[in-house]
Amino acid sequence: MQLFWGIFFHAMGASSASLCYTPEKKVKGWSWQTYWLAQATVCWLLLPVLIAWVTIPSLLTVLAEAPFSAMWNAFLLGMAYGVGGTAFGIAIRYIGFSLTYAISVGISCVLGTLLPPLIDGSMTAVVSGTGGGWILSGVFLGALGIGFCGVAGRSKEKDIQKEQINVPFSFKKGLPLCLLAGILSAFYGFAINAGKPISDIAATHGAGNFQINVVYIFSNSGAFLTTLIYTIYLHVKNKTFKEFITQPAGSGKALKVNYLMSVFTGIFWYGQFFFYGLGHIRLGRYEFSSWAIHMIMLVFFSSMVGLAFKEWKGTARRTKLLLLLALVLLLFSVVVLTYGNYLGSNV
């Protein structure tokens, strides 16, 4: 039953993450850096502290007892994750959302899942252990499904570009950014592992399944710092600080709506971390596979959101078939990963 709830919470987290970009459609009169800093303040600064305060008993005592090295390492690795997120956003400008997603998330899925057991020396036990082969097969199938999502996405973009003129596309510029984003985004899994001594202390104080929430204080604030530095640079360069207090032209309520949409984005984005922690703690022996399950479900639900918003309307039949194949592979990979975890939990 624990495994079922683990997969369920990962699905909730991935669903939340897949919706986090939708409020942006209602934002008007704000540059990217204004919107991004506003939502990042909610997601990476305010909510981690607020949720930890509510869900971690004796939070101040936990923090006082936690080793400084664990807090510092989680913070630094969170900073790396923040750089990866920024690189992801820039890469979209050059090669589009679909290819960026496929390359970056595919790399992050594989590295974020397989590197932790490789580094801590447990990979041999994973490979030889009951269900380990299923776990590795699930990761491979998931990466393959993500790759097919990228192919389908690029095919969709080509279909759309036939009706447009001067659509920018530079694989030469976008690929290095995707590689950087994929590698550094995987560091978030490392940040969670680095903060384990903190969550273990939280567990001794009665945090239970919410114990990972205390780690987010450090991992997410690290991501916030790198985001803050980059967005302030853009604000200074483009002189856009005034957007935070200036009412956008054409609507007396646009500024309030922009802030409200930023809050929604931050809640959706933080939701993936919150539910990730609830799912991760329930996977037991092969909890390292949490990252793969989360990334695969994220791509699956993001594709479903795209379908719901009719982003694939008017695309060629070949494009739709590629997307269908990708979704089937993603679903099958989650089934394989779940079965591997089931076998491992019964040892």
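Residues numbered from 1 in each chain as written. Predicted model: local features only at pLDDT ≥ 70, side-chain atom pairs only at ≥ 80, totals over all residues. Heavy atoms only, no water.

### Some words on the overall build of the chain
Thought 1: Scanning the chain from terminus to terminus reveals 13 helices and zero strands.
Thought 2: Listing every helix and strand of the chain by position from the N terminus yields α-α-α-α-α-α-α-α-α-α-α-α-α.
Thought 3: Against the globule reference of 20 Å for 347 residues, the chain gives a C-alpha radius of gyration of 20 Å, in line with a compact fold.
Thought 4: Expressed as a percentage of contacts within the chain between residues at least 6 apart in sequence, the contacts between residues at least 24 apart total 85%.
Thought 5: Considering the chain, the positive charge centre built from 23 side chains and the negative charge centre built from 10 side chains are found 11 Å apart. (Helix = DSSP H or I, 4+ residues; strand = E, 2+ residues; numbered from the N terminus. Rg over C-alpha atoms; globule rule 2.2 N^0.38 Å. Contact = heavy atoms within 4.5 Å. Lys, Arg positive; Asp, Glu negative; His and termini not counted. Charge placed at Lys NZ, Arg CZ, Asp CG, Glu CD.)

### Regarding the pattern of salt bridges
Thought 1: Within the structure shown, the criterion is met by one salt bridge.
Thought 2: Between Lys196 and Asp200 there is a salt bridge; the shortest N-O distance is 3.1 Å. Placement of both Lys196 and Asp200 in helix α9 (residues 196-204) is noted, with a separation of four residues, approximately one turn of the helix.
Thought 3: With a relative accessible area of 39%, Lys196 lands in the partly exposed category. (Salt bridge = Lys/Arg side-chain N within 4 Å of Asp/Glu carboxyl O. Buried < 20%, exposed > 50% of the residue type's maximum accessible area, 1.4 Å probe, protein only.)

### Remarks on α9
Thought 1: Those residues of α9 that fall on the buried side of the exposure criterion are Ile198, Ser199, Ile201 and Ala202. When α9 is viewed along its axis, its buried side chains cluster within an angular range of 155° and face the same direction.
Thought 2: Directly after α9, the chain includes Gly206, whose backbone phi takes a positive value near 95°. (Arc of directions from axis to C-beta.)

### Quick notes on the packing of aromatic side chains
Thought 1: Under the definition given, this model contains 31 aromatic pairs.
Thought 2: Here Tyr216 and Phe273 contribute two aromatic rings whose centre-to-centre distance is 5.9 Å and whose plane-to-plane angle is 50°, an arrangement assigned as tilted. Remark: Phe273 occurs in helix α11 (residues 254-280) and Tyr216 occurs in helix α10 (residues 213-238); sequence separation between them is 57 residues.
Thought 3: On the basis of relative accessibility, which here comes to 3%, the residue Phe273 falls in the buried class. (Phe/Tyr/Trp six-rings, centres within 6.5 Å; stacked < 30°, edge-to-face > 60°.)

### Quick notes on the environment of Val105
Thought 1: Looking at the element boundaries, Val105 is found in helix α4 (residues 68-119).
Thought 2: Exposure remark for Val105: the relative accessible area of 7% places this residue in the buried category.
Thought 3: Considered as a pair, Val105 and Gly182 are 77 residues apart in the sequence and their alpha carbons are 5.8 Å apart.
Thought 4: Not counting residues up to four positions away in its chain, the partners in contact with Val105 are Thr100, Ile146, Met295 and Val299.

### A closer look at the confidence of the model for the chain
Thought 1: Mean pLDDT for the chain: 85, with 94% of residues reaching 70 or above.
Thought 2: The least confident element of the chain, judged by mean pLDDT, is helix α5 (residues 123-128) at 75; the most confident is helix α3 (residues 59-65) at 96. (pLDDT = per-residue confidence, 0-100.)

### Focus: α11
Thought 1: Across its 27 residues, α11 extends 39 Å between first and last C-alpha, which sits within 8% of the 39 Å expected from 1.5 Å per residue.
Thought 2: In terms of residue burial, α11 counts as a mostly covered element, since 19 of its 27 residues are buried. (Expected span 1.5 Å × (residues − 1).)

### Here's the deal with the side chain of His235
Thought 1: Tracing the backbone shows His235 in helix α10.
Thought 2: A distance of 2.6 Å separates a polar atom in the side chain of His235 from a polar atom in the side chain of Thr240.
Thought 3: Excluding its chain neighbours within four sequence positions, the residues that come into contact with His235 are Gln33, Thr34, Thr240, Phe241 and Phe244. (Polar contact = N/O pair within 3.5 Å; in protein donor to acceptor, adjacent residues only side chain to side chain.)

### Regarding a nonpolar patch on the surface
Thought 1: Residues Met1, Phe4, Trp5, Phe8 and Met12 make up a contiguous nonpolar surface patch of roughly 530 Å² in combined accessible area.
Thought 2: Among the residues examined, Trp5 registers a relative accessible area of 34% and is labelled partly exposed. (Patch = residues over 30% accessible without salt bridge, like charges linked within 9 Å, V, L, I, M, F, W, Y side chains within 5 Å. Areas by Shrake-Rupley, 256 points an atom, 1.4 Å probe, with all protein chains shown as cover.)

### Section: unusual backbone geometry
Thought 1: Phi at Ser58 takes a positive value of approximately 55°, unusual for a residue other than glycine.
Thought 2: Its location among the elements puts Ser58 in the loop between α2 (32-55) and α3.
Thought 3: Unlike most non-glycine residues, Lys239 shows phi in positive territory, near 55°.
Thought 4: For Lys239, the location among the structural elements is in the loop between α10 and α11.
Thought 5: A relative accessible area of 69% means that Lys239 is categorised as exposed.

### Details of the nonpolar core
Thought 1: In this structure, Trp44, Val214 and Phe273 are the most contacted members of the largest nonpolar core, which totals 92 residues.
Thought 2: Considering every element that reaches this core, the biggest residue donor is α4, with 15 residues.
Thought 3: Phe273 has contacts with Cys43, Trp44, Tyr81, Tyr188, Tyr216 and Asn220, leaving out every residue within four places of it along the chain. (Core = buried A, V, L, I, M, F, W, Y, C linked by side-chain atoms within 4.5 Å.)

### Notes on the packing of α2 against α11
Thought 1: Running from N to C, α2 and α11 cross one another at 45°; their axes reach a closest spacing of 8 Å. In terms of their interaxial angle, α2 and α11 are classed as oblique. Our pair here, α2 against α11, has a crossing hand that is right-handed. Residues Tyr35, Trp36, Ala38, Gln39, Val42, Cys43, Trp44, Leu47, Pro48 and Ile51 of α2 form the contact with α11, whose own contacting residues are Ser262, Val263, Thr265, Gly266, Ile267, Trp269, Tyr270, Phe273 and Phe274.
Thought 2: Looking at the contact of α2 with α11, its residues break down into 15 nonpolar, four polar and no charged. (Axes fitted to C-alpha atoms, helices over the stretch in contact; angles between N-to-C directions. Parallel < 35°, antiparallel > 145°, perpendicular 65-115°, else oblique. Left-handed = near helix turned anticlockwise from the far one by under 90°. Nonpolar A, V, L, I, M, F, W, Y, C, P; charged D, E, K, R; others polar.)

### Some remarks on the side chain of Ser333
Thought 1: Looking at where Ser333 falls in the secondary structure, it is placed in helix α13 (residues 317-345).
Thought 2: Since its relative accessible area comes to 0%, Ser333 is described here as buried.

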